[in-house]
Amino acid sequence: MAESVELPGRLGILPFRNKVLLPGAIIRIRCTSPSSVKLVEQELWQREEKGLIGILPVRDAAETSTAVGPVLSQGVGSDSGERSSRIQVGTSDSQRLDAKNQQEIIHWHARGVAARALHLSRGVEKPSGRVTYIVVLEGLCRFSVQELSTRGTYYTARISPLEMTKPEMEQVEQDPDFITLSRQFKSTATELISILEQKQKTGGRTKVLLETVPVHKLADIFVASFEISFEEQLSMLDSVDLKVRLSKATELVDRHLQSIRVAEKITQKVEGQLSKSQKEFLLRQQMRAIKEELGDNDDDEDDVAALERKMQSAGMPSNIWKHAQRELRRLKKMQPQQPGYNSSRVYLELLADLPWQNATEEHELDLKAAKEHLDSDHYGLHKVKQRIIEYLAVRKLKPDARGPVLCFVGPPGVGKTSLASSIAAALGRKFMRISLGGVKDEADIRGHRRTYIGSMPGRLIDGLKRVAVCNPVMLLDEIDKTGSDVRGDPASALLEVLDPEQNKTFNDHYLNVPFDLSKVVFVATANRVQPIPPALLDRMEVIELPGYTPEEKLKIAMRHLIPRVLDQHGLSSEFLQIPEAMVKLVIQRYTREAGVRSLERNLAALARAAAVRVAEQEQAVPLSKDVHQLASPLLENRLADGGEVEMEVIPMAVNNHELSNTFRIASPLVMDEAMLEKVLGPPRFDDKEAAERVATPGVSVGLVWTTFGGEVQFVEATSMVGTGELHLTGQLGDVIKESAQIALTWVRARAADLKLAASDKINLLEGRDIHIHFPAGAVPKDGPSAGVTLVTALVSLFSQKRARADTAMTGEMTLRGLVLPVGGVKDKILAAHRCGITRVILPERNLKDLVEVPAAVLANLEILLAKRMEDVLEHAFEGGCPWRQHSKL
């Protein structure tokens, strides 16, 4: 126990924020800030057992407006050069310190407690090497502050002790009022100690304190062990008069005693109500007993009432409201512990959350603004934009019109999803996306039945709950990627969703009541039309997005991709400049795709290379005049909660753009061809590929369509000694195998006419086998459009004449040599243009499809039409076909 000590005239001060150390109390703190470490080193560590410091409470700035009591407020510097403070009584009036120091106002309490170190340990943090101290302090006696100043990095104060002298103590102990208060305090404290020792099964060690320690010190010790407010702690610290101190301590001890008695009463009440079958609900009964004691035992009823009010305001139709009322009455009869309570409540909450009548108010449609918005977000796609404008025009003239379900079909990266979001922006509605890729369970569309454990509504109902409106624009993404198994067919479930005559009463299995989806604007996306079931496809209007030309990709890159990539990497045109010529090289040599995703990835690689250069720039200078303020030293003397005295890091409110703007490099990085190859590697494609691969007879260039757009497909044929067999490789489907057999049969039948054999009686396959290969063997291939390409390769092989390297072809052929039309003409022509092909052979009946091909692409290509196979051979070989006049049907 602390003995009376003689205090020096000046003490080093350790501030405690919102915490008080009372005499006789012991506290453990960790000092890490430079000021507190310096104080402990000079005042405690170096003086060892003789060291004393003062603990002074400090108020938060937000609390000073209500603070009552003696308070110190910092003033001007003293004559000695140290900053001092004068004592003010009453509410403190905060004065601003010198703005140059940028220090916050500290509101000191005028009274504190001298303390000594019972234990002191020193440590060093790794790897920073910062010195820290862990100190166990014991409060000794009160003092008042006469003057506050600084010594180096920490505070010191001129103090005067507030403890009574021995004669004064003897005089107070003779006071009858003091004797009465002492007896009352000891009685209450004895009762409290007895209850605590009985609960904790401890001996009578604590009662020894009541007999050996003076009563005025006991008051501080007892109060220090309670969890009380900061204001009550300050009030106890300011109680210099012993009678006032005892009175306050008695009140606090009695309050703590009453709280223990209430807790025991609640425990006894709960234990008396429990039976063997109710033990599992022990915690719930305790909560109920606590609420009864507080007079607040109707939370469950309030929650159900709130749910009922929410359901009333949801605007449900009358038939659904009757169904919801039945479920609500059932819920009210159930106990929260019953198994079905939570599921019924979650179901009713879903009914209350669904937007039965809540809809987005559509603003008046401005077709001009909508067109400008589409043009700003998407380059090209004129046909698609025109169809969207037509749709918006109909909505403007007839707002309640049932519009068609638009289905955007095209390869990845051509802007299908972003077009759907643009429709939502033009309509002023909320946008919601549902991905159907890989969905095989019908419950994802219709929901699970409530009889299943873990049941939940379908994605449509759940999405409407999230957007909280009944008329959003809903995107059904990757609608061609749905599957089917024993759990059902999601595509069949979508028939009801996308049918305007049926979706007015869409029935979700979990919801089990009809919900009106007719106000939802549905938009779908797909890469291919073929996997979509015909019945589902019949409910949608297909709009094809075949892909972009190199010129369109260049415009998209300059207008959209480059600014977006620079922004994503914290750069600007001041750091990186990519000329149009370099973007053209990236398109020609590093990307061959219908969309622009690969192009964006390559541009991002260039941006990352520039980001490395900027980040490694050694001579970086600030651009803003205010940056030096952000980099100024952090404020010292920041006080931590709970007695820990630490530095508090002040975050800088600087965003990414401000950070990137704080650096300037000598000159922007202008991308050139050498740097392009250094970052992206050697070119992946070149225009000479077709010429190199068609350098020998037996090779022809075809055009095919894939889910990623059009592609150039080489067909290679060779012969070898054998027995007249045909070998096909390249992971081919049944249709393309049949096309190869038809091509070989036609060539053998026309061998004499084509001057491949001297007469009709000579067998071309006598003594040799034919092997036809489609390169890129890992990619599955199928379809009839390679018929003309196969014939050209076989004729080139048998005649030993090379086909033209600048000519690509597509078309299905019959056994009699007719060339039939094929699909995907626009995609195939764009693919030929990307690969540097200048001549394209098409079936004559595909002439109508050239209207969809951009004029800029047609201007660079020579389109050759073929009605018969002889026409194809005429265009496929250099100098034409010399045997044409001999051929016959």
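The rules behind these values
Residues numbered from 1 in each chain as written. Predicted model: local features only at pLDDT ≥ 70, side-chain atom pairs only at ≥ 80, totals over all residues. Heavy atoms only, no water. Helix = DSSP H or I, 4+ residues; strand = E, 2+ residues; numbered from the N terminus. Buried < 20%, exposed > 50% of the residue type's maximum accessible area, 1.4 Å probe, protein only. Contact = heavy atoms within 4.5 Å. Polar contact = N/O pair within 3.5 Å; in protein donor to acceptor, adjacent residues only side chain to side chain. Pairing = 2+ DSSP bridges. Axes fitted to C-alpha atoms, helices over the stretch in contact; angles between N-to-C directions. Phe/Tyr/Trp six-rings, centres within 6.5 Å; stacked < 30°, edge-to-face > 60°. Lys NZ or Arg CZ within 6 Å of the ring centre and 35° of its normal. pLDDT = per-residue confidence, 0-100. Salt bridge = Lys/Arg side-chain N within 4 Å of Asp/Glu carboxyl O. Parallel < 35°, antiparallel > 145°, perpendicular 65-115°, else oblique. Left-handed = near helix turned anticlockwise from the far one by under 90°. Nonpolar A, V, L, I, M, F, W, Y, C, P; charged D, E, K, R; others polar.

This next bit is on the overall build of the chain. The helix and strand tally for the chain stands at 30 helices and 27 strands. Looking at the chain as a whole, 44% of its 889 residues qualify as buried. Taking all contacts inside the chain whose residues are at least 6 apart in sequence as the whole, residues at least 24 apart take part in 74%.

All right, on to the side chain of Glu 43 then. The residue Glu 43 is located in helix H1 (residues 34-45) in this model. Polar contacts involving the side chain of Glu 43 include one to the side chain of Arg 151, which spans 3.3 Å. Once you skip the residues sitting within four places of it in the chain, Glu 43 turns out to touch Gly 12, Gly 51, Leu 52, Ile 53, Arg 151 and Tyr 154.

Reading across the sheet, the five strands line up as E11-E12-E15-E10-E16 and stay open at both edges, with parallel pairing between neighbours. Looking at strand neighbours, the two that pair on one side only are strand E11 (431-435) and strand E16 (540-544), the edges of this open sheet. Strand-to-strand twist of the sheet, defined as the mean angle between neighbouring strand axes without regard to direction, takes the value 25 degrees. Note: strand E10 (residues 405-409) against E16, five bridges, orientation parallel. Pairing of Val 409 across the sheet is with Glu 544, part of E16. Most of the contacts of helix H16 (residues 459-467) go to E11, to which it runs at about 155 degrees, and overall it touches E11 and strand E12 (473-477).

This paragraph deals with the packing of aromatic side chains. The description of an aromatic ring pair uses the distance of the two centres, along with the angle that the planes make with each other. On inspection of all chains with the given rule, the structure shows five aromatic pairs. Ring geometry for Trp 356 against Phe 515: centres 5.0 Å apart, planes inclined by 55 degrees, an arrangement best described as tilted. Separated by 159 residues along the polypeptide, Trp 356 in the loop between helix H11 (341-353) and helix H12 (367-377) and Phe 515 in strand E14 (residues 514-515) bring together distant segments of the chain. As far as the burial class goes, Trp 356 and Phe 515 line up, both buried. Sitting above the plane of the Tyr 347 ring, Arg 450 keeps its charged end 3.8 Å from the centroid.

All right, on to unusual backbone geometry then. Here Ala 468, not a glycine, exhibits a phi torsion of approximately 65 degrees, which is positive. With respect to the helices, strands and loops of the structure, Ala 468 is situated in the loop between H16 and E12.

Attention now goes to the confidence of the model for the chain. Overall, the predicted model of the chain reaches an average pLDDT of 79, with 83% of residues at or above 70. Every residue in residues 73-103 is under pLDDT 50, and counting partners more than four places away or in other chains gives 67 contacts. Contacts of residues 885-889 to residues separated by more than four positions or lying in other chains number 10 contacts, the stretch itself having pLDDT below 50.

A few words now on the pattern of salt bridges. For the structure on display, the rule yields 32 salt bridges. The residue Asp 477 makes a salt bridge to Arg 433 at a minimum N-O spacing of 2.9 Å. With a gap of 44 residues between them, Asp 477 in strand E12 and Arg 433 in strand E11 connect regions that are remote in the sequence. In this structure Asp 477 comes out as buried when scored by relative accessible area, which is 5%.

In this section: the packing of helix H13 (residues 382-397) against helix H14 (residues 416-427). Across the interface, H13 lies against H14 with an axial gap of 11 Å and an inter-helix angle of 30 degrees. Judged on the interaxial angle alone, H14 and H13 are roughly parallel. At the point where H13 passes H14, the crossing takes the right-handed sense. Mapping the contact onto sequence places Val 384, Ile 388, Tyr 391 and Leu 392 in H13 and Leu 419, Ile 423, Ala 426 and Leu 427 in H14. Taken together, the residues of the contact of H13 with H14 break down into eight nonpolar, no polar and no charged.

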